[in-house]
Amino acid sequence: MKPLERDRAEIDRLDAEMAALYAQRMTVVRDIAARKQAEGLPVRDAAREQAILERNVCRIADPDLRPGYAALLRKQMAVSRAYQEKLLSRADLCVQLAETVCPIYLKDGALHEADRYLDLNRRVCIVTDDGTPSAYAATLAARCASPLIVTVPAGEGSKSVSVWADLLQRMQSAGLKRCDCVAAVGGGVVGDLAGFAAASYLRGIDCYQIPTTLLAMADASVGGKTALNLGGVKNAVGAFRQPRAVLIDTTVLKTLPPRQLANGLAEILKMSLTSDPALFALLRQPLPPLRDALLRALAVKLAVVEQDEREAGLRRVLNFGHTLGHGIEAACGGKLLHGECVGLGMLPMCAPHLRRQVEAALTDLGLPIRAEFDPEIALSAISHDKKADAGGIQTVRVDEIGRWRMETASLSDLRPMLNGLLLNR
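Residues numbered from 1 in each chain as written. Predicted model: local features only at pLDDT ≥ 70, side-chain atom pairs only at ≥ 80, totals over all residues. Heavy atoms only, no water.

Things to note about the pattern of salt bridges
- Taken as a whole, this structure holds 28 salt bridges when the rule is applied.
- Across the pair Glu267 and Lys270 runs a salt bridge whose closest N-O atoms are separated by 2.8 Å. With Glu267 and Lys270 both in helix α8 (residues 258-275), this residue pair falls three residues apart, about one helical turn. Like Lys270, Glu267 is buried.
- By sharing partners, the salt bridges in this structure join Asp119, Arg122, Asp206 and Arg244 into a single network. (Salt bridge = Lys/Arg side-chain N within 4 Å of Asp/Glu carboxyl O. Helix = DSSP H or I, 4+ residues; strand = E, 2+ residues; numbered from the N terminus. Buried < 20%, exposed > 50% of the residue type's maximum accessible area, 1.4 Å probe, protein only.)

Below, the structure written as structure tokens:
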């Protein structure tokens, strides 16, 4: 065996030992979590973590290796902490990343007892819009120790640098500090705006997402994407920052108008087509059970986000339907909702035999399969898409339910697809 091969074999052996030790360590961490829960102790013990760091770094004889080992140990403790938080959470679902956990609560009437799930014993900037019933923000404010309600105009216009700057100024004037938080109460626009404000204020404070539309519940509130529009380009400015928690009060769905329910079901349909045939079958029922469908859709998104938080690869599957959809949304002059545009954008990305099934599903859910828009305006918007590069535009294709693939397309490839979605064509 050559020396290089021998050294690599030794590395492989040590890696196997480290994996076995990691599994053993996390078993003990699980037991510690149970004991902490029984004794009412917090997950984090900063003093003990610092002591562990100091004691173990000294065991590394080579001073050049100590900084790297210290970083590795901090990461290890963060992973253990996140694992304990997930084990102790009362959440229905959890996004578990390397160093953080985002619990997701789906509860009837959760808004009326939000302080059971969220830390509201501090200053809370509640961001909402004038299209969301004001009672929702008022109900949350009643559970907060020191609330500030900021209401912005409804619509995409509020995802702007000027509205964001005004919001930051309101937060600063109210004296919010790093220990305080932001709570987004509304749809996707409010979630994006409030999330980016929280991510940027004082280099980052806690944010709670409290979505009040099915679209935001199924998609925008979960995953940590925050964004503003800039120069007519959708989501051109933003940051990845996980919310501290997501609180979904499922009773608000009972007051949503049918078109808004259908708008959200489009995103759930998207999840089913790429990743969950059983969810697609559920949506094809005459009266799809919304809570069950929402849970399955969120499970799909969580699995993707946990593997690819910052959209380096796998997370692009969540853009199914969005390449054309964002273009149509820019070109239709506000006549169509986001989910309606995404539904349209999915159709050309499906294999011909599947497209017929998807058209039937969209129709039954109350979503359009044709629309009036200017395809050239749509193409111009698509050319500025974040997924566009010198080689073309990355698109997600689905050939059969539950299986997807990436394919690069040019603007000339997309033009006939858009034309095929025009009304009376």
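A few points about the sheet that holds strand β4 (residues 146-152)
- Strand order in the open sheet formed by seven strands is β1-β2-β9-β6-β5-β3-β4, with mixed pairing between adjacent strands. Each of the sheet's edge strands pairs with one partner strand only, and the pair in question is β1 (93-96) and β4. Taking each pair of neighbouring strands and ignoring which way they run, the sheet shows an average axis angle of 15°.
- As paired elements, strand β5 (residues 181-186) and strand β6 (residues 206-211) share six bridges and run parallel to each other. What sits directly across from Gly186, in β6, is Pro211.
- Contacts between helix α5 (residues 161-173) and the sheet are confined to β3 (123-129), β4 and β5, with β4 contributing the most and set at about 160° to the helix. (Pairing = 2+ DSSP bridges. Axes fitted to C-alpha atoms, helices over the stretch in contact; angles between N-to-C directions. Contact = heavy atoms within 4.5 Å.)

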